[in-house]
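Listed here are the chains, written in short residue letters.
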Protein chains: 2
Amino acid sequence: MATIEDVARASGVSKGTVSSVFSKKRPISREVTERVMAAAKSLNYKPNYWARSLASKATRIIGINIPGEKFKFSQFHLSLLNGVLGVCYDNGYRLLVNTLPLSYLNRTEHLSTDPIDGEILLDPQTDDPRIAERLTGEMPVVVIGRPAPEFENRVAYVDNDNVGMTVETTRYLLGLGHRSFLFLNAPAHRTVADDRARGFLAAASAAGIPEASRRIVYKPDADSSSLDFGYETTLRALREEPDISAVIADTDTMALGAYKAAESLGIRIPDALSVLAFSDDSVFSPEFAPPLTGVRLHAERLGREAALLLLERMREDDKTVKRTIVPTDMVIRSSCAAPTLPYGGIHS
Amino acid sequence: MATIEDVARASGVSKGTVSSVFSKKRPISREVTERVMAAAKSLNYKPNYWARSLASKATRIIGINIPGEKFKFSQFHLSLLNGVLGVCYDNGYRLLVNTLPLSYLNRTEHLSTDPIDGEILLDPQTDDPRIAERLTGEMPVVVIGRPAPEFENRVAYVDNDNVGMTVETTRYLLGLGHRSFLFLNAPAHRTVADDRARGFLAAASAAGIPEASRRIVYKPDADSSSLDFGYETTLRALREEPDISAVIADTDTMALGAYKAAESLGIRIPDALSVLAFSDDSVFSPEFAPPLTGVRLHAERLGREAALLLLERMREDDKTVKRTIVPTDMVIRSSCAAPTLPYGGIHS
DNA sequence: AGTATCTATTAAACCGGTTTAACGAACGGT
DNA sequence: ACCGTTCGTTAAACCGGTTTAATAGATACT
């Protein structure tokens, strides 16, 4: 492919002039501009992205990173992505999925800076080396979700009010009369699982629910199916402790697992078991039988706000640490009801 | 950030030696390697990605491109992405979402080569300038979906057998006794819509179905909601032509729209209306009421095969044009049945 | 001992752009 | 006619790596 040199030679001007014609960072006469453009067109010339990035120290690419090996994007990530992409699109940025195996990154021959101007980190964990690493470099970063406590005031992030949201939903269930819960939580090492557990436990213990009746089970890890986890955990829990009258699920897919477990035990929802999910805004939740009550997290907006925060941070060289909390909305449908049996009663 | 020069100076060797220590493309003595690595560590040095790309003419990034302005990734795209990402992950490639507004790309100051080694093009259209453009450059490309006829033998692609699959499903419905159809198709300019329309029409006219009874409606365009499109189109069609006893939907979301239309007209599925979808492998289709009959397209596998094909093409400099057809599986659940009314009968 | 071979290292050229500093020409003001 | 600007252009330095060609030193071969 033709280089800037070729174009310069063909149109009888210097490299610098051709550069200015394309970058438009300096005025060039109408006549010369036309001559250069004509030469460029006939040579099929386009400026080389890498050379340009090297010289101008900017790539107009932002990265998005997910921890963990061999991950897959979930429904929730999809909405996040769409939010981020919308902002990228509006601002002329490309989006790089910047996750590689550690076994790859750790090899000397692959060690390098990242090919991006800034990065969004997803799914922060309680012990998450990514943030510290990005901060020692000068890479602008925005986290989606609450980072570990030692970084909460050192890195920008976007999150829902997970604690508050969980308190609210737990109170809702308490208000309906529930006294024994199963909480299907996110994987244990993720900060979001922590926040939700805290909210749940706070609300439950404030209402005098004994420890045995607020059972929390953490999803083993990313690669296991949410559906299966929801199904099997609910099945086991209901067998071991028939008192349980309400299941709080991390996602709508997990909730679906709970539905299936209830069905296979012959337990009706919401009559004998209430189910609720911190769901994404899936088009399907209203179609569950019965329609699923849950909380809208506005994943797309989380993504959008994160991208906006990142671009702002990249633009100004202002190291102010900003935070955005995206509100959640509880959507009451028909999967929760007052428990039919009084506290202490037994199913079947 | 420290450069290779700094490291060379600090460890008392030349730039070239430092380069070789990191790239491992040439042997360096144990002793020198250690000295260089020590200096690099103390300076917190990492090779610069863009300088490296410029010199070595490779980025280890592959792109994925979707046509159209302000698109959003769908469920189907999510599965594709996961398939592509799995291959990227295994092979040490990053994935760049390489879609930008035309209004951005067309401006002189943004014109440039793409920062990638190869690209996957999604959702090919009947008149799609992307392929021709990539071919004139030397960018390796794989298309997911059938490209326009003039490129079918010039570019590698991965696809389902959309024609065959549609013939099969149409025959299935014909076999149940249906004689009047509504086909909710993908947007008209996409080649997949073409293929499916062809398969449907071929099967229907071979069975002697008159033209008026094989109605095809194309989704207006990407930004409209599939759910709404399915709902409104089905509603209108059933009102205009109560004969219709089967709806074939492009996606499960569209099918859900058809379900809702049926519900609001008081029509029961599958008794009075059969619905079928070329669905993705959504976990939710089995949960529809009634469970949705459809076709598995194996989106994740489409993504995987495309990525593998692309890497192969990038590795060897072999311009052989390869094609991969991923098989589809029809999954019969309970949303289709023999129509209750004889051909020519009228609802309500 | 003399030559051929192999190894590790280096200086310099190169990848393809951007940017700085210098400069001549045209312009405006007095 | 002279000076101070402004404008458009250029040569050269620079961004931070890789690669080539040359070289010195060690090893092997006869």
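Structure: see above.
Rules and cut-offs
- Residues numbered from 1 in each chain as written.
- Chains lettered and ligands numbered in written order.
- Predicted model: local features only at pLDDT ≥ 70, side-chain atom pairs only at ≥ 80, totals over all residues.
- Heavy atoms only, no water.
- Contact = heavy atoms within 4.5 Å.
- Buried area = accessible area lost by both parts, 1.4 Å probe.
- Salt bridge = Lys/Arg side-chain N within 4 Å of Asp/Glu carboxyl O.
- Polar contact = N/O pair within 3.5 Å; in protein donor to acceptor, adjacent residues only side chain to side chain.
- Helix = DSSP H or I, 4+ residues; strand = E, 2+ residues; numbered from the N terminus.
- Pairing = 2+ DSSP bridges.
- Buried < 20%, exposed > 50% of the residue type's maximum accessible area, 1.4 Å probe, protein only.

### Here we look at the interface of chain A and chain B
Part 1 of the argument: Taken together, the contact pairs 68 residues of chain A with 69 residues of chain B.
Part 2 of the argument: Taken together, both faces of the contact between chain A and chain B bury some 6,300 Å²; the carbon and sulfur share is 63%.
Part 3 of the argument: Linking chain A with chain B are 12 salt bridges.
Part 4 of the argument: The partner of Lys72 of chain B in a salt bridge is Glu300 of chain A, and the shortest N-O contact between them spans 2.8 Å.
Part 5 of the argument: Where chain A touches chain B, the interface holds 30 residue pairs in polar contact (both at pLDDT 80 or more).
Part 6 of the argument: Elements with a minimum of two residues in the side of chain A that touches chain B: α2 (15–23), α4 (49–56), α5 (75–91), β2 (94–97), α6 (102–105) and α11 (252–264) of chain A.
Part 7 of the argument: For the side of chain A that touches chain B, the element with the highest residue contribution is α5 of chain A, accounting for 9 residues.
Part 8 of the argument: In this structure, β2 of chain A lies alongside strand β2 (residues 94–97) of chain B, joined through 3 bridges in antiparallel fashion. For Leu95 of chain A, the partnering residue across the bridge sits in β2 of chain B and is Val97 of chain B.

### Here we look at the environment of Arg171 of chain B
Residues and elements named next belong to chain B.
Part 1 of the argument: Topologically, Arg171 is positioned in helix α8 (residues 162–176).
Part 2 of the argument: Here Arg171 falls in the exposed class, since its relative accessible area comes to 56%.
Part 3 of the argument: Sequence separation of Arg171 and Ala207 is 36 residues, and the distance between their C-alpha atoms is 8.6 Å.

### Some points on unusual backbone geometry
Part 1 of the argument: In this chain, Ala289 of chain A is followed by Pro290 of chain A through a cis amide linkage whose omega measures 0 degrees.
Part 2 of the argument: Position of Pro290 of chain A relative to the elements: it lies in the loop between β9 (274–277) and β10 (293–296).
Part 3 of the argument: Positive phi, normally seen in glycine, also occurs at Asn44 of chain A, with a value near 55 degrees.
Part 4 of the argument: Note on placement: Asn44 of chain A falls in the loop between α3 (30–43) and α4.
Part 5 of the argument: Phi angles above zero are rare outside glycine, and Lys57 of chain B is one such case at about 60 degrees.
Part 6 of the argument: Inspection of the secondary structure assignment puts Lys57 of chain B in the loop between α4 (49–56) and β1 (61–65).

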